[in-house]
Amino acid sequence: MSERTPKTENAAAVLKVFAVLEALADERRASLADIAQKAMTSKTTAHRLLQTMADLGYVEQEPETEKYGLTLKLFALGARTLRGQEDLLRVADREMGKLSRATGESINLGVLDDHEQRVAYIHKYDSTYNLSMHSTLGKRNPLHSTSLGKALLAWRDAEEVSERIARMDLRKLAPRTITDPDQLRAQLEQIRAQGYAEEIEESEAGVRCMAAPILDHAGKSIAAISIAFPLVRFDEARRADYVRLLTEAGRAASASLGAG
């Protein structure tokens, strides 16, 4: 018991650090009380962690309001982790820009977060409309309920897909969320056959999304591009056009990255 106690305490301390960071990431500026509440810790603990982060240069405090915020040092650290994906971001950005100009809708780029079994949003173009779907860079959403997630899953081998589905929490998030693993597997097969994924009110009520994969040289998905529409603005007469634009974007990005 005594040998495990330090490890347990260290793990708890690390969890508190990240809880504070995530609380700060949710708000541009936040008070000590708000941070402590969101991180589910005491003000004393939150203050101690914030002071250490400030000393390291990751957090700053406004003298006037005494509110805390993240500094660019943390964003620079995150940017370093994306350096290996520079080629992906470069080629995806070109195709996403074309989609944005052609549709005016929200365009997103997502990759698999293996640790959380989710799709992580790493690049986006915001919609030109006032009524639009807004995504947050770095946000993670479930694989089973998003077009991005399903596009990523559909171009993985069957064994990997089965293992991932077995670890998923297929909870109902919106009116039409798929919660049955067999139904999800069947839909993934259909997605691969047609070349794109689609979801209508599976992740959020009133939202419709379509996504196409970006593949590597082996035909395995490394990312996916999506178009997100408010359901009320989706033009069914243009559906074929949306599919063409999206799949062309996915194929062009894939080809630029060496896919056959």
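This one's a predicted model, so the numbers in the text were calculated from it and none came from an experiment. In this numbering scheme, every chain counts its residues from 1 along its sequence in written order. Per-residue local features of the predicted model are confined to residues with pLDDT of at least 70, and side-chain atom pairs are confined, for both listing and counting, to 80 or more; whole-chain, interface and lining totals are unaffected and use all residues. Here the side-chain values reflect all heavy atoms present in the structure, with hydrogen atoms and water set aside.

Peer 1: Quick one: what's the story with the overall build of the chain, residue by residue and with numbers?
Peer 2: The secondary structure listing takes helices from DSSP runs of H or I that are at least 4 residues long and strands from runs of E that are at least 2 residues long, numbered from the N terminus. A count of helices and strands for the chain gives nine helices and eight strands. Referenced to the eigenvectors of the C-alpha coordinate spread, the extents of the chain come out at roughly 55 × 45 × 40 Å. Counting every position in the chain, which comprises 260 residues, the buried fraction comes to 44%. We call two residues in contact when some of their heavy atoms are within 4.5 Å. In the chain, once contacts between residues fewer than 6 apart in sequence are set aside, the share between residues at least 24 apart is 58%. Residue burial considers only the protein chains on display, and all accessible areas are found by Shrake-Rupley using a 1.4 Å probe. Of the roughly 14400 Å² that the chain leaves accessible, carbon and sulfur atoms contribute 51%. A distance of 1 Å separates the average location of the 36 positive side-chain charges in the chain from that of its 38 negative side-chain charges. Only protein chains enter the area calculation, which uses a 1.4 Å probe; residues under 20% of their type maximum are buried, those over 50% are exposed, and those in between are partly exposed. Under this rule, positive means Lys or Arg and negative means Asp or Glu; His and the chain ends count for nothing. In this description, the location of a charge corresponds to atom NZ of lysine, CZ of arginine, CG of aspartate or CD of glutamate.

Peer 1: I'd like a rundown of helix α8 (residues 181-194), residues and numbers included.
Peer 2: For α8, which comprises 14 residues, the first-to-last C-alpha distance of 20 Å matches the rise-based estimate of 20 Å (1.5 Å per residue) to within 8%. Leu-184, Gln-187, Leu-188 and Ile-191 are the residues of α8 that are buried. Taken down its axis, α8 places every buried residue within 105° of arc, on the same side. In α8, the exposed positions that point more than 90 degrees away from the buried face belong to Asp-182, Glu-189 and Ala-193. Each element contacted by the buried residues of α8 is listed here: α6 (147-154), α7 (158-167) and β6 (197-200). For α8, the N-terminal capping position is held by Asp-180, with its side-chain oxygen 3.2 Å away from the main-chain nitrogen of Asp-182. With its phi angle positive at about 95°, Gly-195 sits one or two positions after the end of α8. Between the first and last residue of a helix there are one fewer steps than residues, each counted as 1.5 Å, and that sum is the expected span. When we speak of the arc, we mean the arc of directions from the helix axis to the C-beta atoms. For this analysis, a polar contact is any N or O atom pair within 3.5 Å, provided that within protein one partner can donate a hydrogen and the other can accept it, and provided that sequence-adjacent residues contribute only side-chain to side-chain pairs.

Peer 1: Talk me through the UniProt feature "domain: HTH iclR-type" (unreviewed entry) in the chain; I want residue IDs and the actual numbers.
Peer 2: UniProt positions are given in the numbering used here, feature names are shortened, and annotations may be inferred rather than shown by experiment. UniProt records the feature "domain: HTH iclR-type" (unreviewed entry) for residues 11-72 in the present numbering. Across residues 11-72 one finds 63% helix and 10% strand; the C-alpha atoms that close the span lie 26 Å apart.

Peer 1: How would you summarise the pairing of strand β7 (residues 207-215) if you had to cite specific residues and measurements?
Peer 2: Of all nine residues in β7, nine are buried; the element is thus mostly enclosed. Residues Val-207, Cys-209, Ala-211, Pro-213 and Leu-215 point to one face of β7 and Arg-208, Met-210, Ala-212 and Ile-214 to the other, with burial holding for every one of them. Two strands are said to pair when DSSP picks up at least two bridges between them. Where β6 and β7 come together, four bridges link them in antiparallel fashion. Opposite Glu-198, over in β7, you have Met-210 as the bridge partner. Counted between consecutive antiparallel strands, the loop separating β7 from strand β8 (residues 221-230) contains five residues, among which Gly-219 sits at a positive phi close to 80°.

Peer 1: Describe the pattern of salt bridges, with residues and values.
Peer 2: Salt-bridge detection follows one rule: a side-chain nitrogen of Lys or Arg within 4 Å of a carboxyl oxygen of Asp or Glu. Counted under the stated rule, the structure contains 20 salt bridges. Linking Arg-208 and Glu-198 is a salt bridge whose minimum nitrogen-to-oxygen distance equals 2.7 Å. Highlighted residues: Arg-208 in strand β7 and Glu-198 in strand β6, separated in sequence by ten residues. According to the relative accessible area criterion, Arg-208 is buried, its value standing at 9%. In this structure, the salt-bridge partner of Glu-198 is Arg-239, at a minimum N-O distance of 2.6 Å.

Peer 1: Provide a residue-level description of the environment of Ala-224, including the pertinent values.
Peer 2: Mapped onto the elements of the fold, Ala-224 is located in strand β8. Taking relative accessible area as the criterion, Ala-224 reaches 0% and is therefore assigned buried. Residues Ala-224 and Leu-109, 115 residues apart in the sequence, show an inter-C-alpha distance of 5.7 Å. Residues within four places of Ala-224 in sequence aside, it is in contact with Asn-108, Leu-109, Gly-110, Leu-148, Ala-151, Leu-152, Ala-212, Pro-213 and Ile-214.

Peer 1: Describe in detail the packing of α7 against α8, supporting the description with residues and values.
Peer 2: Every axis corresponds to a line fitted to the C-alpha atoms, with the helix fit spanning only the stretch in contact, and the corresponding angles, defined between N-to-C directions, vary from 0 to 180 degrees. Two elements in contact, α7 and α8, have axes whose closest approach is 11 Å; the angle formed by their N-to-C orientations is 145°. By crossing handedness, the relation of α7 to α8 is classed as right-handed. Note on element contacts: α8 touches α7 through Pro-181, Leu-184, Arg-185 and Leu-188, opposite Val-161, Ser-162 and Ile-165. Split by residue class, the contact of α7 with α8 holds five nonpolar, one polar and one charged. Crossings are classed by handedness, with left-handed meaning an anticlockwise turn of the near helix from the far one by less than a right angle and right-handed meaning a clockwise turn. Only Asp, Glu, Lys and Arg are considered charged in this grouping, and only Ala, Val, Leu, Ile, Met, Phe, Trp, Tyr, Cys and Pro are considered nonpolar; every other residue, Gly among them, is considered polar.

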